[in-house]
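Survey of secondary and tertiary structure
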Amino acid sequence: MQELAKAYEPTKYEDDIYKTWEESGLFDPDKLKAKGKPFVISMPPPNATGILHLGHAAALAYEDLMVRFHRLKGDKALWVPGTDHAAIATQTKVEKILAIEGTDRKKLGREKFLGRVKEYVASSQGTIRKQTRKMGSSCDWSRERYTFDDGLSKAVNQAFVKMYDDGLIERDYRIVNWCPRCASTLADDEVEHKEQDAKLYYIKYGPFVVATTRPETKLADTGVAVHPSDRRYKKYVGQELDIDLAGHKIKVKVIADKEIDKRFGSGVVGVTPAHSTTDYELAQRHDLEIIKLIDESGHIMKTGGKYKGKNVLQARREFVADLEKAGQIEKIDSIKNNLSICYRCDTPIEPLTSEQWFVRVNKKIPSRGKSLKELAINAVKGGDIEILPKRFDKTYYHWMENLHDWCISRQIWWGHRIPVWYTEDGEVIVAPNETEANKKAGNKKLTQDKDTLDTWFSSSLWTFSTLGWPIQNKIGLDKDLVKIVESGEKTKTYRLADKGYSIGETIVVENTQTKKNFGYIKITNIQKIKFKDVDPKQKGHEEYKDKDDFKKTFKKYYPDKDITDNTDLWAYDFVYSKKSDLDLFHPSSVMETGYDILFFWVARMIMMTEYVLETKPFDTVYLHGMIRDKDGKKMSKSLGNGIDPIKMSEKFGTDALRLSLIIGSAPGADMRLYEDKIAGYRNFVNKLWNISRFIFTSADNVKRVKKQPRAKTLADKWILSEFNETIKEISEDLEKFHFSEAGTKLYHFTWDDLADWYLEISKIEKDKEEILLYILERLLVLCHPFIPFVTEVIWEQFGEKELMMVKEWPKAGKVDKDVITNFTELKELVVSLRNLKAENKIPPTEFPDCNLDSKILDKKYLELAAKMARVNLTDKKVNVKPIAINSSKVFIDLTKELSDKEKQDLEKYIKNTEAKLANEKFVSNAPPQVIEDTKKRLAEAKNKVNGQ
RNA sequence: GGGUGUAUAGCUCAGUUGGUUAGAGCGCUACAUUGACAUUGUAGAGGUCCCCGGUUCAAAUCCAGGUACACCCACCA
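Rules used in this analysis
Residues numbered from 1 in each chain as written. Chains lettered and ligands numbered in written order. Predicted model: local features only at pLDDT ≥ 70, side-chain atom pairs only at ≥ 80, totals over all residues. Heavy atoms only, no water. Helix = DSSP H or I, 4+ residues; strand = E, 2+ residues; numbered from the N terminus. Buried < 20%, exposed > 50% of the residue type's maximum accessible area, 1.4 Å probe, protein only. Contact = heavy atoms within 4.5 Å. Areas by Shrake-Rupley, 256 points an atom, 1.4 Å probe, with all protein chains shown as cover. Near = heavy atom within 4 Å. Polar contact = N/O pair within 3.5 Å; in protein donor to acceptor, adjacent residues only side chain to side chain. Nonpolar A, V, L, I, M, F, W, Y, C, P; charged D, E, K, R; others polar. Pairing = 2+ DSSP bridges. Axes fitted to C-alpha atoms, helices over the stretch in contact; angles between N-to-C directions. Salt bridge = Lys/Arg side-chain N within 4 Å of Asp/Glu carboxyl O. Phe/Tyr/Trp six-rings, centres within 6.5 Å; stacked < 30°, edge-to-face > 60°. Lys NZ or Arg CZ within 6 Å of the ring centre and 35° of its normal.

**What about the overall build of chain A?**
Scanning chain A from terminus to terminus reveals 30 helices and 37 strands. For chain A, with 948 residues in total, the buried portion stands at 55%. Contacts in chain A between residues far apart in sequence, at least 24 positions, make up 74% of those at least 6 positions apart. On chain A, roughly 43,200 Å² of surface is accessible, and the fraction owed to carbon and sulfur atoms is 49%.

Dropping the structure here:
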């Protein structure tokens, strides 16, 4: 045993202690002696994009608390750590780094770019792992998972194929949320809304006035909508009108729809199906033509006439100026509206039409007779899964019931590739891997994606012509060709179709200089043409006589170049590769995460696990709140109010940080955190340290005390009763997820009961070594899940081999209520005496004469009280009016009497209570115990006033 | 527009199924310092439990209405 320092210095011990734990192998449940049932948490994987923030630290604290509690209880505790490849987030980050280096992903090409991402992820994963350890997390690193490792990729692909086969996934041409910055689609729940000031333009629009905040989209209107009961416009409904907008001609059909608000704006809506979700729906109902106006980079396409090539804002300015010149702007109002922005980069979302993969949530699963949505709702409704706090049930149902099909393909490179291959004659092959795809395709060779659009554009500056139809446009980074290829643009598509090409047909492209064929264009859809090529500069490229020759020689299969942003299989994947783990540890016990993730992820995990495994993913969802700053503001980099958990851990110790995150937090409720609070718990940790130090230094022999020692005095009985009560309550609280309450009770027992009272008494009564050691050892166990480091360090002083981490959770012994009552009398007597001294300005060092008398306390306890209160106990009754304390009386040589306020309060209380007791209804209705207590308290109050 | 939550001491928050004279931490005031700990101890001051009704013998707690704030969902032409 070594001498303990005066104050606990966390940084001196924490890293070593963590190492000891980790090397013991006991984070792995297979190595535990435990016979209990499994308790499993899979860590919601933090993004592999950077550093741990307070939200993660809080999550880790709650999860570790549960896991350590169950491990101590003897359960087979498993906590699986992991990281998330976070497709869009990670790609965005790396792209930012590339931008600084003056390059971009297209210049690098797919392979090199992915290499860079992997490099980046590896280094940030290292950071995350280090910081997770710093928080003391007792997770099983041997089972660590990554959302992008082989197991999960396999799971994602298999799930994709299964869903495709069940008709739950389909490729379709629909309106999607498009982020021009990320150049990718987004799911509905990845779109955020921000209120902003906007202008509402009233545009003269044929016989109407149309109000809009986005005038430029009017260039692609194909309809104009009014309310069916709007008499002003009834006569136009059904007509097709030619509208002139500052010289730009459009053709619109007038439709009537109940969705239109007669009172908003002019009551007339220009319908732009390709660039507004609601307009798209209107177009579906009324069969309107869809004209795409804005391309994927946020620029106006050819359909925008003279505004072609302009970005959206520029086009708006010019178009409005032109309308003004033409006298077509009636007025401009200022309004507030919600702008849709990308959750990752805050770029305004551009809704546009595109061909993508969608999950169909309402489609019945053939073998189950239920839809994905129904599976997810039933799992919670049937009570299989419990959500804490309960009220989030409602939010869950509401969200689920309103869930609609969501787009799962993302046009980024970092992520799970969509397991789909296409042949050039329009065949679609969906298979879990290339080998399988090959089989399905009749063992034709699958190409990698050398021949994607991206590669092609970066290759050259040739002029092309197709057989039979010359294309005059240049290629390279030329946007014109994008338009041809990515389609949706009206003129080109129709011209192609008019030329007699049909869907699935391939057009071979030739080099106009050498007249040799070196590529082909494929028409996959009347609105979409896919372009593939073979780069003539690349080794091994082929040249073909004509398209038939091409097809004969190179029937190739092309992988889908998109990825799916789908890690919803996390819940069970962590055990996916090990069948025995799946049997033993699935479903997991608790999914602990922030309430902001309920929809994003928790709901989808429930849906997918129910679908794929036909089981629930977990028993309980524990939702913690958000951590805010002292003023209740969200912590963010831009506000500079963020608290770095690692810095706090270094300054105050991880234990202090953990306690400050646990105490004062309730599930689903936000919590404020600030340095003073952490400092407060640092003080507590230090208090526990010094309590231990005192016990060790005052003990003759530091040893483990196996059985509860015999209590010799009232104080002994009292502290053991309190301790047993504490064990019982904390065990119950932890089972019921009442973490904050449990922490508060430990804090109170340790500091108030043990340190302030019992330790002080032990200095007077002596001979308490066994009881103190007995309590300390078990108190450390109780505290361990909250503050693992300091408890383990103190435990080392007992010189045992076994780690604190795997000790036995104490069982509560007997609680003697009478003892607690009697001891409370003693405490109040002491407090009153101290109070009297303080009020009368008697210095603590002086010992005024005092005579004590009590109905329930023996003389030796009155002596104890006198010592603690620092008064001189005499036999003679001091000649003053006695002061009553419950069942005791104090005769003390002081002038002090009750203050006026005290007297008034007491008299008021007496009056009220007497009235209460006189009330017949109270006496007849209230339980006898309540009446008795009331009477007792009344008597005590009267004693105090009268000094009897 | 729909939903959820919060409102208790100067600040941050507890307050279980209604039943002590409503609690804690921080801060504040006064005092204390030689041995566990100043990251301390002792004591004190500090409250219209948001407002208004109702239920009840009894309401911070339950119900209805209102106010303020926060968040979520939808819409925003």
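**Remarks on the protein's contact with RNA strand B**
With respect to spatial proximity, 53 residues lie near RNA strand B, and among them Ala 211, Thr 212, Val 269, Asn 338 and Tyr 909 are the closest. Across the atoms of RNA strand B situated within 4 Å of the protein, the share located in sugar and phosphate is 63%. Contacts to RNA strand B include Lys 921, whose backbone N or O atom sits 3.5 Å from a sugar or linking oxygen. The separation between a sugar or linking oxygen of RNA strand B and a polar side-chain atom of Arg 937 is 3.5 Å. Its residues assigned to classes, the surface near RNA strand B shows 24 nonpolar, 12 polar and 17 charged.

**So, the sheet that holds strand 18 (residues 406-407)**
The pairing of strands in a sheet happens through backbone hydrogen bonds and is either parallel or antiparallel. Pairing is antiparallel in the open sheet, where 4 strands are placed in the order 6-5-14-18. A single partner strand is all that each edge strand has here, and the edge strands are strand 6 (184-186) and strand 18. Note: strand 5 (residues 169-179) against strand 6, 3 bridges, orientation antiparallel. Considered in strand 6, the bridge of Trp 178 is made with Thr 185. Sitting on the sheet, helix 7 (residues 277-286) is in contact with strand 5 and strand 14 (350-359), with an inclination near 140 degrees to strand 5.

**Topic: the pattern of salt bridges**
Within this structure, the stated rule accounts for 55 salt bridges. Among the salt bridges present, the one from Arg 658 reaches Asp 64, with a minimum N-O distance of 2.8 Å. Linking Arg 658 in helix 20 (residues 654-662) with Asp 64 in helix 2 (residues 54-73), this pair joins segments that are 594 residues apart in sequence. Each member of the pair, Arg 658 together with Asp 64, is buried. Between Asp 172 and Arg 174 there is a salt bridge, with the nearest N and O atoms lying 2.9 Å from each other. Among the residues examined, Arg 174 registers a relative accessible area of 18% and is labelled buried. Three or more residues are tied together by salt bridges with common partners; here these are Asp 28, Asp 30, Lys 31, Asp 140 and Arg 143.

**Topic: unusual backbone geometry**
For the bond running from Leu 388 to Pro 389, omega is -5 degrees, close enough to zero to count as cis. You can see Pro 389 is positioned in the loop between strand 17 (386-388) and helix 10 (392-401). Omega for the peptide link from His 586 to Pro 587 comes to -5 degrees, which places this bond in the cis form. Tracing the sequence through the fold places Pro 587 in the loop between helix 17 (579-585) and strand 30 (588-594).

**Brief notes about the sheet that holds strand 36 (residues 883-885)**
Here we have 4 strands laid out as an open sheet, ordered 35-34-37-36, and mixed in their pairing. If you trace the sheet from one side to the other, it starts and ends with strand 35 (872-873) and strand 36, each paired once. Note that strand 34 (residues 849-854) and strand 37 (residues 888-892) share 5 bridges and pair antiparallel. From the neighbouring strand, Leu 852 faces strand 37, where its bridge partner is Val 890. In this fold helix 26 (residues 817-839) packs onto strand 34, strand 36 and strand 37, with an angle of close to 25 degrees to the strand it touches most, strand 37.

**Details of the packing of aromatic side chains**
Each aromatic ring pair is described using two quantities: the centre-to-centre distance and the angle formed by the ring planes. Under the definition given, this model contains 31 aromatic pairs. Arranged with centres 6.0 Å apart and planes meeting at 75 degrees, the rings of Tyr 18 and Trp 21 form a pair that is edge-to-face. With a gap of 3 residues between them, Tyr 18 and Trp 21 both fall in helix 1 (residues 10-24), about one helical turn apart. For Tyr 18, a relative accessible area of 4% gives the class buried. Accessibility expressed as a relative area gives 0% for Trp 21, which makes it buried. Each member of the aromatic cluster is reached from another via a ring pair, and the members are Tyr 18, Trp 21, Phe 27 and Phe 789. Lying over the aromatic face of Tyr 202, Lys 331 brings its terminal NZ or CZ to 4.4 Å of the ring centre.

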